[in-house]
Amino acid sequence: MIYYITGGQRSGKSSYGQKLALSLSDNPVYLATSRHWDGDYEKRIERHKADRDERWENIEEEKYLSTLTLEGKVVLVDCVTLWLTNFFVDTKNDVDECLRLAKQEFAKLIEQQATFIFISNEVGMGTHAHTEVGRKFTDLQGWMNQFIAARADEAWLMVSGIPMKLK
């Protein structure tokens, strides 16, 4: 089963995904994809960890999610945007290569018999990016979101903390 939850920044995506995961399992996996960029980001990561109690198994993996053994588990992947950022940076902003690698990794990941909840951002719903690299990433994010949403059993859009079912 694949759930896809998308929305703007601070729309309530992660909170909704966490509640969903806990409704499906007593011991879900929180799969964090963020890189540890700097000290401020470390504080953000620690705040996120503090939001979850002992029921959660916390795993950090920046790119190669399919290398993890997740069979039979409920897995909250938070988030696709940060995961894509890691590929984007490592491919020197090559959108085509990044999209190829991310789609390939996603396809391998969902071969596992697990329940996946993917959290992603709708970055294209905000302001228009002022830089070429920003516009490239917005396109990349939109294409990957479409790829995941097409494969999802359920898709949700979060707006101001309110979940709206898309499919």
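Residues numbered from 1 in each chain as written. Predicted model: local features only at pLDDT ≥ 70, side-chain atom pairs only at ≥ 80, totals over all residues. Heavy atoms only, no water.

So, on to the layout of surface pockets. Taken as a whole, the largest pocket holds about 830 Å³ of empty space. Around the largest pocket, the lining comprises 33 residues; the ones closest to its centre are Arg10, Ser14, Arg44, His48 and Asp78. Counting residues per element, the ones that place at least two in the lining of the largest pocket are helix H1 (13-24), strand S2 (29-32), helix H2 (39-50), strand S3 (57-60), helix H3 (80-90) and strand S5 (115-121). Ranked by the residues each element gives to the lining of the largest pocket, the list is headed by H2, at 6 residues. (1 Å grid on protein atoms, 1.4 Å probe; cavity = no way out; pocket = protein on both sides within 12 Å on 5 of 7 lines; lining within 4 Å. Points joined across faces, edges and corners; volume = space filled by probe spheres on them. Helix = DSSP H or I, 4+ residues; strand = E, 2+ residues; numbered from the N terminus.)

It is worth spelling out a positive patch on the surface at this point. Taken together, the side chains of Arg10, Lys43, Arg44 and Arg47 present a region of like positive charge at the surface. Along the chain, the position of lysine 43 falls in helix H2. (Patch = residues over 30% accessible without salt bridge, like charges linked within 9 Å, V, L, I, M, F, W, Y side chains within 5 Å. Areas by Shrake-Rupley, 256 points an atom, 1.4 Å probe, with all protein chains shown as cover. Salt bridge = Lys/Arg side-chain N within 4 Å of Asp/Glu carboxyl O. Lys, Arg positive; Asp, Glu negative; His and termini not counted. Charge placed at Lys NZ, Arg CZ, Asp CG, Glu CD.)

A separate point is unusual backbone geometry. With an omega dihedral of 5°, the bond running from aspartate 78 to cysteine 79 counts as a cis peptide bond. You can see cysteine 79 is positioned in the loop between strand S4 (74-78) and H3. The phi angle at lysine 92 is positive, at roughly 60°, despite the residue not being glycine. Mapped onto the secondary structure, lysine 92 falls in the loop between H3 and helix H4 (95-109). Backbone geometry places serine 160, a non-glycine residue, at a positive phi of 50°. Tracing the backbone shows serine 160 in the loop between strand S6 (154-159) and strand S7 (162-165). Taking relative accessible area as the criterion, serine 160 reaches 67% and is therefore assigned exposed. (Buried < 20%, exposed > 50% of the residue type's maximum accessible area, 1.4 Å probe, protein only.)

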